[in-house]
Amino acid sequence: MTNDFYFGPRSGYKTSDEEKNMTSLKPIENLESFPFLYNYSFDLKKDGKFYDTTIKQILKLKHFLSTERKTSILVNGQVQSGKTSFIIGSINYAIDLSYNLIFFLAGSTNDLLNQSLDRLKEKLKESKKINIKSISTMSPLNNYLNKDEVLVCTVLKETKNLANLNSFINSANLVNQKVLLIDDEADYASVNVGGKNDKSKIFDSINGILIIKSLNTKYLAITATPFSNILTNSFSSEMYPDYMINLVPNPNYTGNNFFNKHNNYFILNNTKHNFDIDEEKITEILVLFFYISSQEQKKNQKSQLLFNIDLNNNSHSQLRSKIINICQRHIHKFLNHLFDSQYFFDKKMDQYGINYSEEMLNEAKTTFLKFYQNLDENIYELNGTNKDAIVNQKNIEIIIGGILLSRGITFENLAIEVLLNVPKGPIAMDTLLQRARWFGYRKENYQTMKIFMPSMARETFVAYDEVLEILKHNQLDYENLSVLNKEEILHIKKDLEFFQKKNKNLFKLTNKKGEDKND
């Protein structure tokens with residue numbers, strides 16, 4: 001396997017001449033030939049995380065974006081590995097390749113949509129050449145055609161907004177236009193959960209957008225969990241991938257296999273239905289958090305404790321009240337007994353890989369007192385009701401939520417995550433993986449990170465390594481850029497179906513509409 005395109009022949013499949021030619025493509029080194037991508041590369045270089053891998057992989061899109069035929073491309077990038085940087089770079093590159101219309105399905109909530117719109121305006125540096133709009137502020141599409149500019153439009157992945165986009169596209173003359181439709185979190189709501197004869201609305205809307213007059217329409221679907229896109233969507237739909245690209249994360253990426261190897265996971269005997277009444281376990285986790293935070297403070301690092309407990313906002317409020325009550329009611333216990341070597345010995349706190357001394361415990365006590373002084377402000381809910389809470393700002397913060405903790409947000413200073421947002425029965429593996437907010441670039445602090453979850457969730461993360469082996473067996477390599485054609489994607493489909501059937505009591509991979517109904 002090389003770092004270039006790979007289209008290995010599979011049993012019973014004859015490689016086309018077009019695909020044979022693609023294997024000879026070499027990485028494009030003359031980046032200055034693409035001014036928008038070239039300028040964006042400086043932003044990536046300044047960030048220091050994604051420059052080499054991201055730019056090289058964006059340049060590999062040239063073949064797909066340059067062909068004069070409709071193409072559906074499924075891009076698989078691991079959770080919190082830098083997909084957003086890839087998306088914005090791809091938009092810049094499409095502009096360099098003379099795309100006139102770029103539609104970006106940028107989330108299923110207004111928060112995520114506005115966040116994407118702001119970031120596009122920042123990174124694309126809106127100019128006379130680029131007109132950045134939201135679908136809600138657009139005039140009819142014909143008003144943007146035949147001008148020396150590119151329309152970049154963000155669209156909420158929701159039926160009304162997609163219907164408006166459909167209406168704009170159907171009433172415009174797009175015969176000579178180059179159109180790119182980017183679908184972020186393409187496993188979320190975009191898949192057809194309604195069946196062959198009763199298609200789900202969002203799937204049907206996106207599929208309808210792709211059946212337009214332009215021969216140059218490209219569909220770029222981005223996801224960290226491609227199972228439902230491969231297994232659930234109809235093979236005959238416009239959205240079914242012609243090709244699947246695996247993004248290679250930066251070498252510093254820490255994902256599922258990394259955390260499985262480093263013993264960061266701890267089993268909870270609680271579920272989301274009884275955790276809030278287990279005051280003893282909550283207290284133990286709080287004490288551990290303040291201890292870890294005190295050590296991080298010495299390195300001028302911030303700390304976050306994340307409770308991903310439930311999709312129901314009432315559960316968030318109940319747990320928040322419980323934690324505040326524990327801190328207030330037992331403040332003397334915190335100061336006199338909990339930050340004490342006997343408590344740490346009795347609770348076997350060394351199981352969490354920490355060494356403690358009286359000096360360290362006194363530091364933890366001081367950290368707790370500082371937190372306690374602004375207790376109400378330092379513990380907050382992040383959900384639809386309290387969606388304006390700003391994370392990654394305070395030195396120490398406890399964040400409680402559900403759906404908004406499961407996708408999109410990177411918790412830069414994560415010390416502990418308590419993942420209770422799982423169903424009683426078989427778990428949707430892709431949904432669970434999206435909730436792994438500890439994945440990302442954590443090599444500097446992974447030793448201190450502690451992740452708590454029920455045993456079934458833990459088993460699912462272990463099983464995911466086997467899924468990665470299936471993908472690798474099918475030449476979807478996580479260490480090298482790999483590109484699969486439709487025939488090879490169908491091989492993955494067959495192997496995933498067999499694996500799912502064999503492990504049906506543990507998890508499922510398909511038939512979900514956004515978040516799992518049992519969550």
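**A word on the pairing of strand β10 (residues 379–382)**
At step 1: Residues Ile379 and Glu381 of β10 are buried on one face, and the alternating residues Tyr380 and Leu382, pointing to the opposite face, are buried as well.
At step 2: Where β10 lies against strand β11 (residues 396–401), four bridges are found, and the strand directions are parallel. Bridge pairing links tyrosine 380 to isoleucine 399 in β11.

**Focus on the sheet that holds strand β7 (residues 243–246)**
At step 1: Spatial strand order, β3-β4-β2-β5-β6-β1-β7-β15: eight strands in an open sheet with mixed pairing. With partners counted over all chains shown, the strands left at the sheet margins are β3 (130–134) and β15 (482–485), one partner each. Neighbour-to-neighbour, the strand axes of the sheet open up by a mean angle of 15 degrees, direction not taken into account.
At step 2: As judged from the five bridges shared by strand β2 (residues 101–105) and strand β4 (residues 150–155), these two strands associate in the parallel manner. Within the sheet, the bridge partner assigned to phenylalanine 104 lies in β4 and is threonine 154.
At step 3: The sheet contacts of helix α19 (residues 486–502) involve β7 and β15, and relative to β15 the element is tilted by about 90 degrees.

**Looking at the sheet that holds β11**
One key point about sheets: their strands pair by backbone hydrogen bonds, in either a parallel or an antiparallel sense.
At step 1: Within the open sheet, the six strands sit side by side as β8-β14-β12-β9-β11-β10. Their pairing is parallel. In the strand order of this sheet, the two ends are held by β8 (265–268) and β10, each with one partner. Taking the axes of each pair of neighbouring strands and ignoring which way they run, one obtains an average angle of 20 degrees across the sheet.
At step 2: Alignment of strand β9 (residues 303–308) against β11, held across six bridges, turns out to be parallel. Within β11, the position partnered with phenylalanine 307 by the bridge is isoleucine 400.

**Points about unusual backbone geometry**
At step 1: Despite not being glycine, glutamate 185 shows a phi value in the positive range, around 50 degrees.
At step 2: Following the sequence through the fold, glutamate 185 ends up in the loop between β5 (179–183) and α8 (201–210).

**Focus on helix α7 (residues 159–170)**
At step 1: Compared with an ideal rise of 1.5 Å per residue, which puts 12 residues at 16 Å, α7 spans 16 Å between its outermost C-alpha atoms and is within 8% of the ideal.
At step 2: Every buried residue of α7 is listed here: Asn161, Leu162, Leu165, Asn166, Phe168 and Ile169. Taken end-on, α7 shows its buried residues confined to a sector of 165 degrees, consistent with a single buried face.
At step 3: Summarising the contacts, the buried residues of α7 are in contact with β2, β4 and α8.
At step 4: Of the residues that open α7, the one with a side-chain oxygen 3.1 Å from the backbone nitrogen of lysine 160 is glutamate 158.

**Description of the pairing of β5**
At step 1: Across the five residues of β5, five count as buried, placing the element largely inside the fold.
At step 2: The side-chain alternation of β5 yields two buried faces, one formed by Val179, Leu181 and Asp183 and the other by Leu180 and Ile182.
At step 3: Pairing between β2 and β5: five bridges, direction parallel. Bridge pairing in β5 places phenylalanine 103 opposite leucine 181.
At step 4: As paired strands, β5 and strand β6 (residues 218–223) are joined by four bridges and run parallel to one another. Across the sheet, leucine 180 pairs through a bridge with lysine 218, a residue of β6.

**A short note on the packing of aromatic side chains**
At step 1: Under the definition given, this model contains 27 aromatic pairs.
At step 2: When the centroid spacing of 4.9 Å and the interplanar angle of 75 degrees are considered together, the rings of phenylalanine 266 and tyrosine 352 count as edge-to-face. Highlighted residues: phenylalanine 266 in strand β8 and tyrosine 352 in the loop between α14 (341–346) and α15 (358–373), separated in sequence by 86 residues.
At step 3: Judged by its relative accessible area of 12%, phenylalanine 266 falls in the buried class.
At step 4: Each ring, one from tyrosine 343 and one from phenylalanine 344, has its centre 6.3 Å from the other, and the planes form 65 degrees; the classification is edge-to-face.
At step 5: The class of tyrosine 343 is buried, set by a relative accessible area of 13%.

**Structural notes on the nonpolar core**
At step 1: Formed by 82 residues in total, the largest nonpolar core has its most connected members in Phe103, Leu141, Phe411, Trp438, Phe439 and Phe461.
At step 2: If one sorts the elements of this core by residue count, helix α18 (residues 455–473) sits on top with eight residues.
At step 3: Sequence-distant contacts of leucine 141, that is, excluding residues within four places in its chain, are made with Leu101, Phe103, Leu151, Phe168, Ile169, Ala172 and Leu174.
At step 4: Within the second largest apolar cluster, 45 residues are counted, among which are Val75, Leu97, Leu180 and Leu247.

**Comments concerning the pattern of salt bridges**
At step 1: Evaluation of the coordinates by the stated rule reveals 13 salt bridges.
At step 2: Between lysine 347 and glutamate 280 there is a salt bridge, and its shortest N-O distance comes to 2.4 Å. In this pair, lysine 347 is assigned in the loop between α14 and α15 and glutamate 280 in helix α11 (residues 279–297), connecting sequence segments 67 residues apart.
At step 3: Close ionic contact of glutamate 296 with lysine 299 constitutes a salt bridge, the shortest N to O distance being 3.1 Å.
At step 4: For lysine 299, a relative accessible area of 46% corresponds to the partly exposed category.

What counts as what
Residues numbered from 1 in each chain as written. Predicted model: local features only at pLDDT ≥ 70, side-chain atom pairs only at ≥ 80, totals over all residues. Heavy atoms only, no water. Buried < 20%, exposed > 50% of the residue type's maximum accessible area, 1.4 Å probe, protein only. Helix = DSSP H or I, 4+ residues; strand = E, 2+ residues; numbered from the N terminus. Pairing = 2+ DSSP bridges. Axes fitted to C-alpha atoms, helices over the stretch in contact; angles between N-to-C directions. Contact = heavy atoms within 4.5 Å. Expected span 1.5 Å × (residues − 1). Arc of directions from axis to C-beta. Polar contact = N/O pair within 3.5 Å; in protein donor to acceptor, adjacent residues only side chain to side chain. Phe/Tyr/Trp six-rings, centres within 6.5 Å; stacked < 30°, edge-to-face > 60°. Core = buried A, V, L, I, M, F, W, Y, C linked by side-chain atoms within 4.5 Å. Salt bridge = Lys/Arg side-chain N within 4 Å of Asp/Glu carboxyl O.

Any functional reading would require information that these geometric values do not contain.
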